[in-house]
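Letter by letter, the chains look like this.
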Amino acid sequence: MRLITLLLLFTLTLQAQSPNTVGIIQQDVEATYDGYNLIFPHNQGDVFLLDNCGQIVHRWVGETTDRPGNAVYLLENGNLVKCKRKNTSGPTSPIWAGGGGETVEVRTWENELLHSFTLNDSLNRLHHDVAVLPNGNILMFAWENRNRMEAIASGRDTALLPQNKVWSETIFEWNPMQDEIVWEWRVWDHLVQDYDETQTNFGNPSAQPERIDLNYDPTDGNPDWLHINAIAYNPVLDQIVLSVPHFDEIWVIDHSTTTVEAATSTGGNSGKGGDLLYRWGNPKAYGQGTDEDQQLFFQHDVQWLNPTAQVGDADFGIMSLFNNRLPNGTSSGNLLRTTKTGSYDFVDNNYLPNDFERVVIYPKEDVRAASAGLSSAQFLPNGNALLLSGRWGFGYEITPEDEVVWEYIIPLKAGRPVTQGEELSINNNITFRMTRYGLDYPAFEGKDLSGGEYWELSPNEVFCGVVSTTELIRAAQLSISSNPAQDLVTISSEEPTTIRIWSIQGELVEMLQFDGEQIDVDVSNWQSGIYFLIASNGVSRKLIVY
């Protein structure tokens, strides 16, 4: 009986410490922010809610033809807001680029469709993201196709029209209850250019940072000139923030305007109409600064850290984002304090601050932690940062002390589950975002979240809840020299513990007491075979004597 128990204990420990290739890679239960992770991976149509062990606790099943388009949000009332498209509305559509959407849906927890809005034609197409307002209205944005004549009439440099078109951007506010657009804002109403002096918007972009330079175009004429990929709303300020990755900037605009005022430079709480209130990340986009001044690099997922924070609160005015293409080849999660008072500082032709409040970079060597596109950054209530490297489907949680306490690899390849043990490559499991909702999130009240199936096939079911970062560190701190061994073995433990050495027959061979040192053990007279080292802290090792 002792032998069976010993072998079972050792087998479970080995399984728990064996490296997973997908799903949970590591978890420190005590240090991780406990909650449920909302994910809408590409190349399939279902939305998933996972616990921190990677078990599916809820699923919103989509049509087999559905694809992400791209964001998804779980509301406090349990409803789901989902951005999607049909798999047939891809590269052959009149307007298409990465992040292309088509439909925004509101669904119940039980997946009943409540409301739906679709926009995808030759002139406009929804894409990427939405923001849900406190009153239930939803902010969406769409590409707006401007033809060659329209572009030239607004001062577009003809050298930047190789395809005879340029896509601008429009923000719509949709009232789902009335199925009505109730507010609009257009980039095209807030342009400046110094190419064609006959146009009314002719001017010096560096002298008008509140307007958007029509001929600032690092893409050299790609119709997808701006490629807005994120939108968020602040109800305290009644302002909207946008991520504009082709400009390597974030923009803030006033939402308190009427639609008529939003097309002008007057009106609203700011008195500036629909002009930009704030922009940050790349002063070159408005004719100021140099490459050294650029701080954002194709960023994604800009959000207010706490959109309900008031002036004077510690987190007022702070935004979070994922900074994708850092010059050194890495990516980071960032916090940026944009304002302390509600107004935005512009000093020496530069919007403040001069630097980030916090930068989080995966502290180990792993190419999967960086992503050229997609991706998300969420700063959690316990101070940890949850980052998703979108092109690798790799989520990781990092403490303020830069310790990795949770890692998860989405176990999909081209939208289908893979077997535990299979190695995935870049773009196999691309995912736009990962969002964690705490255990006390109101949407979960009264819901059955007991967990069920693992996403991956042939899962390592004993891994989660057994292994943690602390245990892995302990395992690394217990080492055996010369294994397999013939005469002398040096056993080291950096942690005080008692180690018992058992033979495969279940006999106690040796008991060693460690207090942070190493002990030499003579095994020259031991029988050849397998021995198990089991420490009082639960760490196990196998020793082979020959």
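Above: the structure in question.
Treat the numbers as computed from the prediction; the structure is a model and nothing was measured.

A. Main features of the side chain of Ser243. Residue position: Ser243 is located in strand S16 (residues 239–244). Exposure remark for Ser243: the relative accessible area of 0% places this residue in the buried category. Within the structure, Ser243 has its side chain in polar contact with the side chain of Asn229 (distance 2.7 Å).

B. Looking closely at unusual backbone geometry. Residues Gly69 and Asn70 are joined by a peptide bond in cis, for which omega reads 10°. Here the residue pair Leu352 and Pro353 is connected by a cis peptide bond, since its omega of 10° sits within 30 degrees of zero. In this model, Asn111 sits at a positive phi of 80°, which is unusual for a non-glycine residue. Residue Asn111 is classed as buried on the basis of its relative accessible area of 19%.

C. Just the pairing of strand S37 (residues 529–535), in detail. The buried fraction of S37 amounts to five of the seven residues, a majority that puts the element mostly inside the structure. Across five bridges, strand S34 (residues 497–503) lies against S37 in antiparallel orientation. Residue pairing in the sheet places Trp502 in a bridge with Phe532 of S37.

D. Structural detail: the pairing of strand S11 (residues 165–175). Counting buried residues in S11 gives ten out of eleven residues, a clear majority hidden from the surface. Here S11 pairs with strand S12 (residues 180–186) via six bridges, running antiparallel. Looking at S12, one finds that Asn175 is bridged to Glu180.

E. Fine view of the environment of Glu180. Tracing the backbone through its elements, the reader meets Glu180 in strand S12. Owing to a relative accessible area of 39%, Glu180 belongs among the partly exposed residues under this scheme. As a C-alpha pair, Glu180 and Phe117 span 63 residues in sequence and 9.4 Å in three-dimensional space. Dropping the residues within four chain positions of it, Glu180 is found in contact with Glu173, Trp174 and Asn175.

F. Here's a closer look at the packing of aromatic side chains. Applying the stated criterion to the full structure yields 21 aromatic pairs. In this arrangement the basic side chain of Arg325 is found over the ring face of Phe298, its NZ or CZ atom lying 3.8 Å from the centre. Of note, Arg436 hangs over the ring of Trp406, and the distance from its end group to the ring centre comes to 4.5 Å.

G. Layout of the pattern of salt bridges. Using the criterion set out here, one finds 22 salt bridges in the structure. A salt bridge links Arg211 to Asp275; its shortest N-O distance comes to 3.1 Å. Of this pair, Arg211 sits in the loop between strand S13 (191–192) and strand S14 (212–213) while Asp275 sits in the loop between helix H3 (259–262) and strand S18 (278–280), placing them 64 residues apart in sequence. By relative accessible area, which is 15% here, Arg211 ends up buried. Between Lys413 and Glu422 there is a salt bridge, and its shortest N-O distance comes to 3.9 Å. Taken together, the salt bridges that share partners define one network made up of Asp66, Lys82, Lys84, Lys86, Glu105 and Arg107.

What counts and how
- Residues numbered from 1 in each chain as written.
- Predicted model: local features only at pLDDT ≥ 70, side-chain atom pairs only at ≥ 80, totals over all residues.
- Heavy atoms only, no water.
- Helix = DSSP H or I, 4+ residues; strand = E, 2+ residues; numbered from the N terminus.
- Buried < 20%, exposed > 50% of the residue type's maximum accessible area, 1.4 Å probe, protein only.
- Polar contact = N/O pair within 3.5 Å; in protein donor to acceptor, adjacent residues only side chain to side chain.
- Pairing = 2+ DSSP bridges.
- Contact = heavy atoms within 4.5 Å.
- Phe/Tyr/Trp six-rings, centres within 6.5 Å; stacked < 30°, edge-to-face > 60°.
- Lys NZ or Arg CZ within 6 Å of the ring centre and 35° of its normal.
- Salt bridge = Lys/Arg side-chain N within 4 Å of Asp/Glu carboxyl O.

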